[in-house]
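# Examining the three-dimensional arrangement
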Amino acid sequence: MTVVVWITEGTWPACVDAARTHTPQNAQVVLLHVSDRDVPGLAHGAFAGLLGRGHRERDPGDRVGHLADASARQLLDAAAERFGRPCTRLERTGRTEREVVAVAEGAELLVLARDGDRTRLGPHSLGPATRFVVDHAPCPVLLVWPEPAPGADTLPPPPGPQH
């Protein structure tokens, strides 16, 4: 059994705990972190457009990219330590939602967390990338709350009468 656990800042502990609880000991677990290259690209563009005439050595985009890579490694290391069993760490770069779906191809389970408005139940508890992954995942999905789920009294009201 192959299980992919999508590791993101802020919600990863709940995903790791769910994977540890809901997967067999012998499962092949892949801890996945995806870095979006838009941020270093924006730093490159801002520098080039505003300040960079002839001073490539001062371009902050490379440093931002290196910091993002180091942060991803630290996050995956912390997740692997929390998981406490053998696992594979995988770093990808690109459009986050598409990379997650691509890695989940062939997996038996994808574990991810709600990342939107977590103060109430409903569709807004999923951010855009997570909604895309849930809608397009090529395998079963275990969607977890990063903290205790809100009560049923937070459900959106039912639609009004239709005429």
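Just so it is clear, the model here is predicted, and its values are computed rather than measured.

Parameters at a glance
- Throughout this document, residue positions are counted from 1 along each chain, in the order its sequence is written.
- Two thresholds apply to this predicted model, a pLDDT of at least 70 for residue-level local features and 80 or more for giving and counting side-chain atom pairs, whereas whole-chain, interface and lining totals are computed over all residues.
- Each side-chain value is worked out from all heavy atoms of the structure, with water and hydrogens disregarded.
- In this text, helices come from DSSP runs of H or I with a minimum length of four residues, and strands from runs of E with a minimum of two, each type numbered from the N-terminal end.
- Accessibility here uses a 1.4 Å probe with only protein chains present; expressed as a share of the type maximum, an area under 20% marks a residue as buried, one over 50% as exposed, and anything in between as partly exposed.
- Contacts were defined at the residue level, with two residues in contact if any of their heavy atoms lie within 4.5 Å.
- Note on areas: these come from Shrake-Rupley sampling with a 1.4 Å probe, and a residue is covered only by the protein chains present in the view.
- By definition, two strands form a pair when at least two bridges between them are found by DSSP.
- A clockwise path from the first strand over the helix to the second, with the strands pointing away from the viewer, defines a right-handed crossover.

A tally of helices and strands in the chain yields five helices and five strands. The buried share among the 163 residues of the chain stands at 37%. When contacts within the chain are restricted to residue pairs at least 6 apart in sequence, long-range pairs at least 24 apart make up 74% of them. Element-wise, carbon and sulfur atoms account for 55% of the exposed surface of the chain, whose accessible area totals about 9,500 Å².

When you tally the buried positions in helix H4 (residues 96–104), you get seven out of nine residues, the bulk of the element. Buried within H4 are the following residues: Thr96, Glu97, Glu99, Val100, Val101, Val103 and Ala104. In this fold, the buried residues of H4 make contact with strand S1 (2–6), strand S2 (28–35), strand S3 (88–93), strand S4 (109–113) and helix H5 (128–136). A positive phi of about 90° marks Gly106, the residue just after H4.

With four of its five residues buried, S1 lies for the most part within the structure. Where S1 lies against S2, five bridges are found, and the strand directions are parallel. Looking across to S2, one finds that Val4 is bridged to Val30. Assessed by its sense of winding, the connection that carries the chain from S1 through helix H1 (residues 12–22) to S2 is right-handed. Bridge analysis of S1 against S4 gives three bridges, and the strand direction is parallel. Bridge assignment links Val4 to a residue of S4, and that residue is Leu110.

Honestly, it's all geometry; don't read function into it.
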